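# Tertiary structure, described
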Amino acid sequence: MYFHGTSRINEQNHLEIGGVDTVDLANTYGTPLYVYDVALIRERARSFRETFKRLNINAQVAYASKAFSTIAMVQLADEEGLSLDVVSGGELFTALQAGFPPERIHFHGNNKSYEELDMAIKYGIGCIVVDNFYELSLIEEVCNANNTNVQILLRVTPGIEAHTHDYILTGQEDSKFGFGLINGQADKAVEIALESQNIVLLGIHCHIGSQIFETTGFLLATERIFTKMKEWKERHGFIPTVVNLGGGFGIRYTADDNPITVSKYVEEIIAEVKKHSDDLSIDIPEIWIEPGRSLVGDAGTTIYSVGSRKEVPNIRQYLAIDGGMSDNIRPALYQAKYEAVLANRVNDEIEETVSIAGKCCESGDMLIWDLPLPKANSNDLLAVFCTGAYGYSMSNNYNRIPRPAVVFVENGEAQLVVKRESYEDLVRLDIPIKTQVIK
Ligand SMILES: *Cc1c(COP(=O)(O)O)cnc(C)c1O
């Protein structure tokens, strides 16, 4: 079993995270419970930032807050000197509520509304990552209405799609995001932005995928962007101040995953940008990156209580827990794999192979297939590792299951940062019909 960050087995044979016994956490806050190892998040943030610093590169490391957007997490990102990506008015609101400096917020999304852009521009957001021509014209309108201007990056689609070890070169750039780099859309967008009185074109952005284990895709994307930059320099004298290469750095969910280290990703990206900048005889632009999963993914652990068991003779043991696709939709959505242990009996002898079922009314609500475990009983605690990214943020109320609470643990102390949803919360927005029946 692989333990992430500060996770370890304590003297009681319990899983401990951040110096706090997870059995105590389950007793205090109930289950299911998301537990975040704050020291591990800090460590990751620092390795990204320190690699840029060590190599003397102007950079912004922006936390892609869609991975886990809550006020406490945004505050932690601020403490660690990160910038912040938001992709909706709601994530922007969360960031502002957390007191995050607007000038370090970047606004993403392929369909930002007038109201969202207006909110961002009124609050003095640092940069809008523009996705399409419609948005360019909306930004003109908003800037005119507010008599102001705004800094932007143009998101381009370099025709490379990366996922784990595979990267696909897509000549036709078939993606809902961004301006096609090869089909002339990016050239047109650069022209429009350079001509605009309201828009300050800071640079170029691309994001090639998620859970990427190698640097090949990032390096190819860099090369393609610089090929275009050469043309733009010659045609318009435009030299980007910023090249943003997005996020997608992979993490280790199971023993099958072997990501390279944070510093290795960053070092190779820097070397590539340097090389192409030299070729173009320009100063190295600021390099921005946008890690989400790699900052928070393996820092999160979900603690569940074991409930019912169903044996299908000679075939399978189903062990059901008190959550499932309502708090972690990734197995159902992407066949995502996880590792888990019994938090209250970590080192007990492995006695059986079970499949972990969620409690939602969907046969597809299976969290883990074929997990070796000690013989688990009801009320044992199951700890599922690496649930920190796209767990809480994708959680939902299917079957009207309340969303779990979230606690941060660090240096032996636990802090509740999101309350558990109550049944009252579930019906808070419901409005009863005016009944016609006279009793
Ligand atoms: C989702 C996303 C990220 C973060 O991706 P991770 O895989 O969580 O690192 C960064 N940038 C953009 C534009 C994204 O859409």
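Residues numbered from 1 in each chain as written. Predicted model: local features only at pLDDT ≥ 70, side-chain atom pairs only at ≥ 80, totals over all residues. Heavy atoms only, no water.

### Overview of the overall build of the protein chain
A count of helices and strands for the protein chain gives 12 helices and 24 strands. Radius of gyration (C-alpha) of the protein chain: 24 Å, near the 22 Å computed for a compact globule of 439 residues. Seen through its principal axes, the protein chain has C-alpha atoms that stretch 70 × 65 × 40 Å. The buried share of the protein chain, taken over its 439 residues, is 55%. Sequence separation of at least 24 residues holds for 69% of the intrachain contacts in the protein chain that already meet a minimum separation of 6. Only carbon and sulfur atoms are counted for the fraction: they give 48% of the accessible area of the protein chain, which is about 19600 Å². Placing the 39 positive and 60 negative side-chain charges of the protein chain at their respective mean positions leaves the two points 2 Å apart. (Helix = DSSP H or I, 4+ residues; strand = E, 2+ residues; numbered from the N terminus. Rg over C-alpha atoms; globule rule 2.2 N^0.38 Å. Buried < 20%, exposed > 50% of the residue type's maximum accessible area, 1.4 Å probe, protein only. Contact = heavy atoms within 4.5 Å. Areas by Shrake-Rupley, 256 points an atom, 1.4 Å probe, with all protein chains shown as cover. Lys, Arg positive; Asp, Glu negative; His and termini not counted. Charge placed at Lys NZ, Arg CZ, Asp CG, Glu CD.)

### So, the sheet that holds strand S1 (residues 8-9)
Ordered in space as S1-S2-S3, the 3 strands form an open sheet in which the pairing is antiparallel. A single partner strand is all that each edge strand has here, and the edge strands are S1 and strand S3 (20-21). Pairing between strand S2 (residues 15-17) and S3: 2 bridges, direction antiparallel. Residue pairing across strands places Ile17 opposite Val20, the latter belonging to S3. (Pairing = 2+ DSSP bridges.)

### Regarding the site of the ligand
Near the ligand lie 14 residues; those nearest to it are Lys66, Ser210, Glu290, Arg293 and Tyr390. Contact between the ligand and Ser210: an oxygen atom at 2.4 Å from a side-chain N or O atom of the residue. Considered on its own, the ligand offers 390 Å² of accessible surface; in the complex 93% of this is hidden by protein. For the shell around the ligand, the per-class residue count stands at 3 nonpolar, 7 polar and 4 charged. (Near = heavy atom within 4 Å. Polar contact = N/O pair within 3.5 Å; in protein donor to acceptor, adjacent residues only side chain to side chain. Nonpolar A, V, L, I, M, F, W, Y, C, P; charged D, E, K, R; others polar.)

### Regarding the state of the cysteines
The full count for this structure, using the stated rule, is 0 disulfides. Just so you know, Cys361 is unpaired, no disulfide at all, and the nearest cysteine sulfur is the one on Cys360, 7.3 Å from it. (Disulfide = S-S within 2.5 Å.)

### Considerations on the pattern of salt bridges
By the definition in use, this model includes 25 salt bridges. A single salt-bridge network, built from bridges that share partners, covers Arg42, Arg46, Glu79, Glu80 and Glu410. (Salt bridge = Lys/Arg side-chain N within 4 Å of Asp/Glu carboxyl O.)

### Some words on the nonpolar core
Within the largest apolar cluster, 86 residues are counted, with the highest numbers of intra-cluster contacts made by Tyr63, Ile128, Ile152, Leu154 and Val296. Sorting elements by how many residues they give to this core places helix H9 (residues 262-280) first, with 7 residues. Both domains that furnish three or more residues to this core are identified here as domain 1 (8-37 + 297-427) and domain 2 (108-291). Contact partners of Ile152, with chain neighbours within four places excluded, come to Cys127, Ile128, Val130, Leu136, Ile139, Ala193, Ile199, Val200, Leu201, Leu202 and Gly203. (Core = buried A, V, L, I, M, F, W, Y, C linked by side-chain atoms within 4.5 Å. Domains from an automatic or database assignment.)

### Side note on the UniProt feature "binding site: substrate" (unreviewed entry) in the protein chain
Within this numbering scheme, the UniProt entry marks Arg293, Arg330, Tyr334, Glu362 and Tyr390 as carrying the feature "binding site: substrate" (unreviewed entry). What stands out for the annotated residues spanning 98 residues is how far apart their C-alpha atoms range, the widest pair being 26.6 Å apart. A residue is classified by how much of its surface remains accessible, and Arg330, at 8% relative accessible area, is buried. For Arg330, the residues in contact, after removing those within four places along its chain, are Tyr253, Arg293, Gln335, Ala336, Tyr338, Ala389 and Tyr390. As for its position among the elements, Glu362 is in the loop between strand S20 (352-357) and strand S21 (366-373). Judged by relative accessible area, Glu362 falls into the partly exposed class, the value being 41%. The residues touching Glu362, leaving out its near neighbours within four places in the chain, are Met325 and Tyr398. (UniProt positions renumbered as here; feature names shortened; annotations may be inferred.)

### With respect to the environment of Thr164
Looking at the element boundaries, Thr164 is found in strand S10 (residues 160-164). Sequence spacing of Thr164 and Glu410 is 246 residues, and the spatial spacing of their C-alpha atoms is 31 Å. Not counting residues within four places of it along the chain, the set of residues in contact with Thr164 comprises Ser210, Gln211, Ile212 and Phe213.

### Considering the environment of Ala299
Within the fold, Ala299 resides in the loop between helix H10 (293-296) and strand S17 (300-312). Classification of Ala299 as buried rests on a relative accessible area of 2%. When the C-alpha atoms of Ala299 and Cys386 are compared, they prove to be 6.4 Å apart, with 87 residues separating the residues in sequence. Ignoring any residue separated from it by four or fewer positions in sequence, one finds Ala299 in contact with Val35, Tyr36, Asp37, Leu40 and Ile41.

### Some words on the domain arrangement of the protein chain
Considered domain by domain, the protein chain is made up of domain 1 (8-37 + 297-427) and domain 2 (108-291). For domain 1 and domain 2, the distance between their C-alpha centres works out to 36 Å. Taken together, the contact between domain 1 and domain 2 spans 7 residues of the former and 5 residues of the latter. For the pairing of domain 1 and domain 2, the buried interface totals around 570 Å² over both sides, and the portion due to carbon and sulfur atoms is 54%. When residues of domain 1 are sorted by the area they lose upon contact with domain 2, Lys337, Glu339 and Cys386 head the list and together hold 61% of the total. (Buried area = accessible area lost by both parts, 1.4 Å probe.)

### A word on helix H1 (residues 22-29)
Thr22, Val23, Leu25 and Ala26 are the residues of H1 that are buried. Taken down its axis, H1 places every buried residue within 160° of arc, on the same side. With respect to the buried face of H1, the exposed residues turned more than 90 degrees away are Asn27 and Thr28. Following H1 by one or two positions, Gly30 has its phi on the positive side, about 80°. (Arc of directions from axis to C-beta.)

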